[in-house]
Amino acid sequence: MAIIETTNLHRDYQDGDSIIRAVDGINLSVEEGEFTAIIGPSGSGKTTLLNLIGGLDNPSQGEVIVDQKEIHELSDNELINFRLRHIGFVFQAYNLIPVLSAKENVEFIMQLQGKSAKERSKRALELLKAVGLEQQAHKRPNELSGGQQQRVAVARALASKPSFVLADEPTANLDSKSTEDLLDIMHKLNQEEGITFLFSTHDQRVIDRAQRLVYVEDGKIKSDTKK
Amino acid sequence: MKTLFNIAWRNIWRNKLRSSVVIISIMLGIWAGIFVSAFSFGLNDQRKDALLKNQFSHIQVHKAEWKDQMEVEYLLSEAKAILSSLSSKTEIAAVAPRVIANGMAATAHYSGGVQIYGIEAEAENKLTGLAAKIDSSGKYFSKKGRNPILIGAALAEKLEVKPGSKVILNFSNANNDLVSASFKVKGIYTEVSSTIEKMKVYVRANDLQELLGIGAEDYHEIAAFAENEADSDSLKTWLQGQYPNQLVESWKDLAPELAYSDSIMTQMLFIIIGIIMLALSFGIINTMLMAVLERRKELGVLMCVGMSKGRVFSMIIIETLYLSLIGGPLGIILGYFSVEQGKLSGLSLEVFSDGLASYGIGTIIYPSVPSSFYFGTAAIVFIMTLLASIYPARHALKLNPIETIRTI
């Protein structure tokens, strides 16, 4: 069953007198449990596509259906609530809350969802254990390495039990060892818990591990291959 | 909500120096506001107390015509009964009758206009504490001796007299004949007001009654001090009801400008606190705006992952309130202890003694503020901070998550 479906998706930007077509009629369907990488050169429209799927940007034309809901028909507050419950985000620059510990960062999303303290604590520790950071649970982001921070970010993205995780260049700031560790964790979560991941990436190591590769250029899908 | 408080608290300590500067500035601003207010309250209270004690009392009774023209003939018609009524009232602390004449005091060196107060020594002392104001070279009235007089230090200097010296008083009696009598200086009194020292001389009531040619129970004025100043108006109403033919006035009627300055003092000082907080508010707005702009990306991420705009707004408001809720109470506590210390030691304004004396104020000021003023100040701090927090919080709301994080 498709949990993400875009139909004739367009996103145009005005640049002076000219119009830039960042996304130009993309039709994409992502099934539950996929480990998909969106690849392509810089400026090809990968990030804009992920922003549209994540409900962070509005399409000029077309629709994005997530969990059978057209997300751009939702009001601002409904969309925030929808993102909170259905989509996990992993950012290139980790973007953890600096004043919270690793565990508190993971718990934060669940607090926004109104989960009980007991439930939050239990799940946060489970997720930190899953990403191999249970010993670092009480450390703040500035006490963690870049790779560790990104693993906390993955745990945070999974905290709300989302339908899928969107990750924009998640390994861009990581060294080789951290990249491998992160990919192992995400692959394991995908294989063992069936979590759907949708990446944008330049990183060959991520491309090598992806099950499906969607190649985007000039805002269009040029190829879509499953391994 | 607990999370928001938790994050907001930690956020304000991300830049310890900046937050500390704001907190300290709020603390010092509030402290200065409270201390200046306490000083003003103290100044006003001392001026009011001095004027009530030495000049107006809480209630005065005269013949109605006396107010327009202070003539010897305008004597209280029911003086004995009024004194008896007031003395029997438990709310009255002291009451004293007076005979008053306008005249001239003269020696070989100087002559000048004075108000001659003929007083009942014991009652007057109870009402105004006159005996304690006499310097060590002289004495208060006794029944012995002929025509003793008490004069103010400022007048004594002009007349060049000391205890034992003679002073001639000239005034008109009840028949409008000019009377000239010799008085012997019994003592020299000092007042906080140099004006009173120059204007008032005290003689015994029976001496003046005799010279004026009026009866031994005839008086022009009865002054009374209530146990509690707040009862002045109700006592006035009661006494006026008892003696409708006399003019009964409270100190608020006798010195309306004093009553007005007393009544507006609190509002005026709250305005000063408000102005201080208004100035501090701009510092708070600046600090919080910087904090928001520095954390644009972080706030954008929070909105991306599902934090509603309402929560972002609340978080900034809470952060701002924290700054004031630390600085404000610290300022209030510091203000409280400064005022309490000031009450014990007083603040010497010796260098302004001449100017203060002309206003009837002593040179040692004892600051004081009503306890309600602290609560009012706390409320102003809270409200002004809340208002100051709105702008940076609204600015945070306007952030576009996409623009702030550029990428997901």
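Scroll up to find the structure.
From a predicted model like this one, the values you see are computed outputs, not experimental measurements. (Residues numbered from 1 in each chain as written. Chains lettered and ligands numbered in written order. Predicted model: local features only at pLDDT ≥ 70, side-chain atom pairs only at ≥ 80, totals over all residues. Heavy atoms only, no water.)

Draft legend 1. Molecular detail of the environment of B:Gly283. Residue and element names in this part refer to chain B. Relative to the elements of secondary structure, glycine 283 occurs in helix α10 (residues 256-294). For glycine 283, a relative accessible area of 33% gives the class partly exposed. Sequence separation of glycine 283 and isoleucine 26 is 257 residues, and the distance between their C-alpha atoms is 9.2 Å. (Helix = DSSP H or I, 4+ residues; strand = E, 2+ residues; numbered from the N terminus. Buried < 20%, exposed > 50% of the residue type's maximum accessible area, 1.4 Å probe, protein only.)

Draft legend 2. Representation of the packing of aromatic side chains within the structure. Scanning the entire structure with this criterion turns up 15 aromatic pairs over all chains. Measuring from ring centre to ring centre gives 5.9 Å for A:Phe197 and A:Phe199, while their planes differ by 10 degrees; the resulting arrangement is stacked. We classify A:Phe197 as buried; its relative accessible area is 0%. Judged by its relative accessible area of 0%, A:Phe199 is buried. On the numbers, 5.5 Å between centres and 65 degrees between planes, the contact of B:Tyr189 with B:Tyr202 is edge-to-face. Placement of the pair is B:Tyr189 in strand β6 (residues 178-189) and B:Tyr202 in strand β7 (residues 200-204), with a sequence separation of 13 residues. A relative accessible area of 3% places B:Tyr202 in the buried class. (Phe/Tyr/Trp six-rings, centres within 6.5 Å; stacked < 30°, edge-to-face > 60°.)

Draft legend 3. Focus on helix α6 (residues 176-193) of chain A. Residue and element names in this part refer to chain A. The end-to-end C-alpha distance of α6 is 25 Å, a good match for the 26 Å that 18 residues give at a rise of 1.5 Å each. If you check which residues of α6 are buried, you get Ser178, Thr179, Leu182, Leu183, Ile185, Met186, Leu189 and Asn190. The buried side chains of α6 occupy one side of the element, clustering within an arc of 160 degrees when seen end-on. For α6, the exposed residues lying more than 90 degrees away from the buried face are Lys177 and Glu192. Those residues of α6 hidden inside the fold are in contact with β3 (35-39), α4 (117-130), α5 (146-159), β8 (196-201) and α7 (204-209). Of the residues trailing α6, glycine 194 is marked for its positive phi of about 70 degrees. (Expected span 1.5 Å × (residues − 1). Arc of directions from axis to C-beta. Contact = heavy atoms within 4.5 Å.)

Draft legend 4. Quick look at the layout of surface pockets. By volume, the second largest pocket is sized at about 370 Å³. Along its surface, the second largest pocket is lined by 20 residues, and A:Gly55, A:Leu56, A:Asp76, B:Asn400 and B:Pro401 are the ones closest to its centre. Elements supplying a minimum of two residues to the lining of the second largest pocket: β1 (2-15) and α2 (76-86) of chain A together with α15 (401-405) of chain B. By residue number, the principal contributor to the lining of the second largest pocket is α2(A), which donates four residues. Classifying every residue of the lining of the second largest pocket by side-chain character gives 10 nonpolar, four polar and six charged. (1 Å grid on protein atoms, 1.4 Å probe; cavity = no way out; pocket = protein on both sides within 12 Å on 5 of 7 lines; lining within 4 Å. Points joined across faces, edges and corners; volume = space filled by probe spheres on them. Nonpolar A, V, L, I, M, F, W, Y, C, P; charged D, E, K, R; others polar.)

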